Amino acid sequence: MSATFGGPSGRQGRLSQWLRGRRPKQAVTADDPGRAALLLAAAEAGLPLAPAAHPAPGYGCSCDRVGCPTPARHPVSFAWQTQSTTDRAQIERWARHQPQANFITATGMTHDVLDVPLEAGQEALERLLAGGVEVGPVAESDDGRLLFFTLTRGTPEDEDEWWPCELDCRPETMDEHPGLRWHCRGSYVLVPPARLPGGDGDRRVRWVRGPEHALPDPLSLLEILTDACARYAGEEADQVGAGWPLRH
């Protein structure tokens, strides 16, 4: 049998072609080339990536969990921290075989993310740029957040050297940080391009400043970001006190 299929008759080649033709074709999206290029650019900038869920009809998330609390915003694997990579070939495979998937980037390895309310973030970004402060990549999420990508505080071998921060945010504590969230070790954020559930189906996460910008020291941004968030929170409190509807 092996001699027949491996022989000069060429049946093995014809059989392989027939099998490839019988396999279902993987669905692709119209913006597939641009999506892959953006993901590879993020990886080349040192942001480790892993596949995430995507919006779906019904419960709003492609995962099997009924009532998913973070639809289309979480990794597909529980091993996302070890799975996250900047390897070009692996990311190309994921993007090709999971054409609808969002991607997360694991923070606390090479970078952190300072995650703030959109209006406060826009004000802070204007002030930072006007002041000549080096600002790295910035992403805008249509759920009302602005994400500032920075260098990480690091993961020292000596746990006593770890610099704890009351702003530290992990996925399970997101609701506890309505103002400034500091995503570091053990956390993640969606990386552009990503799609969010709800609305007219066009809610997204996109770059305001791309990953070609060098990652800054987080402390160079922190004072202006916290000031803008405090002012934003004060205005929100004033609106509530006056009986005005909150901005979203």
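The paragraphs below set out a description of the structure included in this document. (Residues numbered from 1 in each chain as written. Predicted model: local features only at pLDDT ≥ 70, side-chain atom pairs only at ≥ 80, totals over all residues. Heavy atoms only, no water.)

## Considering unusual backbone geometry
Following Pro-192, the chain continues into Pro-193 via a peptide bond in cis, with omega recorded as 0°. In this fold, Pro-193 is placed in the loop between strand 7 (188-191) and strand 8 (194-196). At Ala-72, a position not held by glycine, the phi torsion is positive, near 65°. We classify Ala-72 as buried; its relative accessible area is 0%. (Helix = DSSP H or I, 4+ residues; strand = E, 2+ residues; numbered from the N terminus. Buried < 20%, exposed > 50% of the residue type's maximum accessible area, 1.4 Å probe, protein only.)

## Structural notes on the packing of aromatic side chains
By convention here, two paired aromatic rings are described through the distance between centres and the angle between planes. For the structure shown, the criterion picks out three aromatic pairs. Where Trp-80 meets Tyr-188, the ring centres are 4.9 Å apart and the plane angle is 80°; that geometry is what we call edge-to-face. You can see Trp-80 sitting in helix 4 (residues 80-83) and its partner Tyr-188 sitting in strand 7, a full 108 residues away along the chain. Between Phe-149 and Trp-207 the ring centres are 5.2 Å apart and the planes differ by 55°, which places this aromatic pair in the tilted class. Of this pair, Phe-149 sits in strand 5 (residues 145-151) while Trp-207 sits in strand 9 (residues 203-209), and the two are 58 residues apart along the sequence. In terms of burial, Phe-149 and Trp-207 fall into one category: buried. Of note, Arg-153 hangs over the ring of Trp-182, and the distance from its end group to the ring centre comes to 4.3 Å. (Phe/Tyr/Trp six-rings, centres within 6.5 Å; stacked < 30°, edge-to-face > 60°. Lys NZ or Arg CZ within 6 Å of the ring centre and 35° of its normal.)

## Overview of the pairing of strand 5
Counting buried positions along strand 5 yields six of seven residues, so the element is predominantly enclosed. Two elements, strand 3 (residues 111-117) and strand 5, share seven bridges in a ladder whose sense is antiparallel. For Asp-112, the partnering residue across the bridge sits in strand 5 and is Thr-150. Judged from the four bridges that link them, strand 4 (residues 138-141) and strand 5 form a sheet pairing that is antiparallel. Bridge pairing links Ala-139 to Leu-147 in strand 5. (Pairing = 2+ DSSP bridges.)

## Here's the deal with the environment of Gln-98
Along the polypeptide, Gln-98 turns up in the loop between helix 5 (88-97) and strand 2 (102-106). Assessed through its relative accessible area of 27%, Gln-98 is described here as partly exposed. Sequence separation between Gln-98 and Pro-51 is 47 residues; the distance between their C-alpha atoms is 8.1 Å. Beyond its immediate stretch of four places on either side in the chain, Gln-98 contacts Arg-35 and Pro-51. (Contact = heavy atoms within 4.5 Å.)

## Let's talk about the sheet that holds strand 8
The strands that make up a sheet are held in pairs by hydrogen bonds between backbone atoms, and each pair lies either parallel or antiparallel. Sheet architecture is open: six strands sit in the order 6-3-5-4-9-8, paired in antiparallel fashion. Pairing within the sheet leaves two strands with one partner each, and these edge strands are strand 6 (181-183) and strand 8. Between one strand and the next, the sheet's axes are offset by a mean angle of 25°, whatever the strand orientation. Sheet strands in contact with helix 6 (residues 118-130) are strand 3, strand 4, strand 5 and strand 9, and its direction is about 45° off that of strand 5. (Axes fitted to C-alpha atoms, helices over the stretch in contact; angles between N-to-C directions.)

## Let's talk about helix 6
If you check helix 6, its first and last C-alpha atoms are 18 Å apart, about what 13 residues at 1.5 Å a residue would give, namely 18 Å. Every buried residue of helix 6 is accounted for by Ala-120, Gly-121, Ala-124, Leu-125 and Leu-128. Down the axis of helix 6, the buried side of the element spans an arc of 135°, and every buried residue falls inside it. Exposed and oriented more than 90 degrees from the buried face of helix 6 are Glu-126 and Ala-130. Phi turns positive one or two residues past the end of helix 6, at Gly-132, with a value near 75°. (Expected span 1.5 Å × (residues − 1). Arc of directions from axis to C-beta.)

## Quick look at the nonpolar core
One finds Leu-49 and Phe-149 to be the most contacted residues of the largest nonpolar core, which totals 28 residues. Discounting chain neighbours no more than four positions away, the residues touching Phe-149 are Leu-47, Thr-105, His-111, Asp-112, Val-113, Gly-136, Pro-137, Ala-139, Val-189, Trp-207, Leu-215 and Pro-216. Membership of the second largest hydrophobic core comes to 20 residues, among which are Leu-125, Leu-221, Ile-224 and Tyr-232. (Core = buried A, V, L, I, M, F, W, Y, C linked by side-chain atoms within 4.5 Å.)

## As for the pattern of salt bridges
Counted by the stated rule, this structure contains 11 salt bridges. Between Glu-123 and Arg-231 there is a salt bridge, and its shortest N-O distance comes to 2.3 Å. Highlighted residues: Glu-123 in helix 6 and Arg-231 in helix 7 (residues 219-242), separated in sequence by 108 residues. A relative accessible area of 27% means that Glu-123 is categorised as partly exposed. Across the pair Asp-227 and Arg-127 runs a salt bridge, and its minimum N-O distance is 2.8 Å. Remark: Arg-127 occurs in helix 6 and Asp-227 occurs in helix 7; sequence separation between them is 100 residues. Take Asp-227: its relative accessible area is 32%, and that puts it in the partly exposed class. Here Arg-127 falls in the partly exposed class, since its relative accessible area comes to 32%. Salt bridges linked by common partners bring Glu-123, Arg-127, Asp-227 and Arg-231 together as one network. (Salt bridge = Lys/Arg side-chain N within 4 Å of Asp/Glu carboxyl O.)

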